[in-house]
Amino acid sequence: MNRQHFSIILGGILFLAVAMGISRFAFTPILPFMRVDENLSFTQGGWLASSNYIGYFIGALGAGFVNRSKKNFLLLNVFINVFSILLMGLIESYLIWILLRFIAGLTSGFIFVLTSSIVMDYLAANLLTRWSGYLFSGVGFGIALSGLFVPFFEASFNWQGSWLGLGALSVLFLATTIFLWRHLNVKNHIKEPKTADNNIWRGFMPWLIIAYGLEGLGYIITGTFLVDIIYNIESLRAYAGYSWVLAGLAAIPSAPIWMKCMSRFSTVSMMSLAYSMQIIGILLPVLSQSAWSVLLSAMSFGFTFVGLVTMSTAYARQLFPKQSNYIVSILTTFYAIGQIIGPVIASRLETHFRTFKAPLLFAGGTVTLALALLLVGYFYSRKSPVHLAADIKY
């Protein structure tokens, strides 16, 4: 791999770190401090999360229609995204926080889809598809950074300082990527006429999309409230910050590892393994409220959710290589729908049953349903010739 290829991948990693690891998921370790200092309820925290995911849904859906000036449009969204991070630390108004989290989600949706599409298309054009897993390590990298820096910033400057400090880091990542991508030319996408060959709503693909949407609903409950749940267990409070760091550290190598596994074993078997591991990780804090159980749950969360994002998007692009923008947009849109619903249901369940076990049980059940649909869809689609690519090794 030459310097140009490395620069493109590194720029993509930094953009996903900003949009996903920081703008999106830094909310998880900051939320407990906001809830204490600003007297926010679990439900109010859920609405802040859902506001972000509503924006993410719209952005992910809209990204599928961006066919011209993709690079410039992406850079504009990263700039707005970073600005929304900084404003979270400067403004103290719940209603404005709702708006800012919506804007952060909207731009994150555009950033994730467009960055994934641009970098994966570039790698495919240069016969470097095997390196695409490293792109998604940016999500884990951003999560690890937020887990490491939030306690430090909060101790010195309260929760507002956490947003400002991470915002400054995001500015640095934006400037770095602009420099790294200065020679990157992204061609306008030519929309292809619909035919039987490029119709994604056939064979195994609809099953994969629905399962991925349920994964979004289930995983996001842990992704939103994990640190808050641990923080509110008195005996485990000291581990709250560490849990998010572990989630990020587990997520960093997960994408390349899962991609490597896909090259040796079937796609469906590897996705099934990731779903199973995630279910166990979600339910661990329900079965045992000990340090090892919550930390193992955090590691399982980071390792599997990034892996499922990587495998689903890479596999879908493999099936429809000329529709990368559209297929990643569709997958991410269904994922986002689940993420909108998840925090609201979780907050209602916690309020009604007055225990964090209820939303975690719901999350575990939802991911179990996703796994079941994935397997049913695979075996059902085997009866049709269009299934054949569904179990190809990547």
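Residues numbered from 1 in each chain as written. Predicted model: local features only at pLDDT ≥ 70, side-chain atom pairs only at ≥ 80, totals over all residues. Heavy atoms only, no water.

J.: Describe the domain arrangement of the protein, listing the residues and the values that go with them.
T.: Domain annotation of the protein identifies domain 1 (1–187) and domain 2 (198–386). Here the C-alpha centre of domain 2 lies 19 Å away from the C-alpha centre of domain 1. When the buried surface of domain 1 facing domain 2 is broken down by residue, Thr28, Phe42 and Tyr53 rank first, second and third, together holding 17% of it. For the pair domain 1 and domain 2, the number of links is seven residue pairs in polar contact (both at pLDDT 80 or more). Of all the secondary structure elements, the ones that give two or more residues to the side of domain 1 that touches domain 2 are helix H2 (27–38), helix H3 (42–63), helix H5 (94–125), helix H6 (132–135) and helix H7 (137–180). Partitioning the side of domain 1 that touches domain 2 into residue classes produces 29 nonpolar, 15 polar and four charged. (Domains from an automatic or database assignment. Buried area = accessible area lost by both parts, 1.4 Å probe. Polar contact = N/O pair within 3.5 Å; in protein donor to acceptor, adjacent residues only side chain to side chain. Helix = DSSP H or I, 4+ residues; strand = E, 2+ residues; numbered from the N terminus. Nonpolar A, V, L, I, M, F, W, Y, C, P; charged D, E, K, R; others polar.)

J.: I'd like a description of the side chain of Ser312, backed by residues and values.
T.: Relative to the helices and strands, Ser312 resides in helix H12 (residues 291–319). Polar side-chain contacts of Ser312 include one of 2.8 Å to the backbone oxygen of Leu308. Filtering out sequence-adjacent residues up to four positions away, Ser312 remains in contact with Leu208, Tyr212, Met271 and Leu331. (Contact = heavy atoms within 4.5 Å.)

J.: Please give an account of the packing of aromatic side chains that cites residues and values.
T.: What the rule picks out here adds up to 23 aromatic pairs. Consider the rings of Phe73 and Phe110, whose centres lie 5.0 Å apart with planes at 80°: the pair is edge-to-face. Taken together, the positions of Phe73 in helix H4 (residues 70–88) and Phe110 in helix H5 put the pair 37 residues apart, joining distant regions of the chain. Residue class for Phe110 comes out buried when judged on its relative accessible area of 12%. Judged by centre distance (5.0 Å) and plane angle (15°), the ring pair of Tyr219 and Phe305 falls under stacked. Here Tyr219 is found in helix H8 (residues 205–231), whereas its partner Phe305 is found in helix H12, with 86 residues between them in sequence. Here the aromatic cluster, defined as three or more aromatic residues joined through ring pairs, consists of Phe25, Tyr212, Tyr219, Trp244, Phe301, Phe305 and Tyr335. The ring centre of Phe179 lies 4.0 Å from the NZ or CZ of Arg182, which sits over that ring. We note Arg237 situated over the ring of Tyr231; from NZ or CZ to the ring centre the distance is 4.4 Å. (Phe/Tyr/Trp six-rings, centres within 6.5 Å; stacked < 30°, edge-to-face > 60°. Buried < 20%, exposed > 50% of the residue type's maximum accessible area, 1.4 Å probe, protein only. Lys NZ or Arg CZ within 6 Å of the ring centre and 35° of its normal.)

J.: Got a sec to walk through the nonpolar core? Specific residues and values, please.
T.: One broad rule of soluble globular proteins: the nonpolar side chains tend to lie buried together. Residues Phe112, Phe136, Trp181 and Phe305 are the most contacted members of the largest nonpolar core, which totals 127 residues. If you count residues domain by domain, this core takes at least three from each of domain 1 (1–187) and domain 2 (198–386). Once residues within four sequence positions are removed from consideration, Trp181 is found in contact with Ser7, Ile8, Gly11, Gly12, Phe15, Lys71, Leu74, Thr115, Ile118 and Val119. (Core = buried A, V, L, I, M, F, W, Y, C linked by side-chain atoms within 4.5 Å.)

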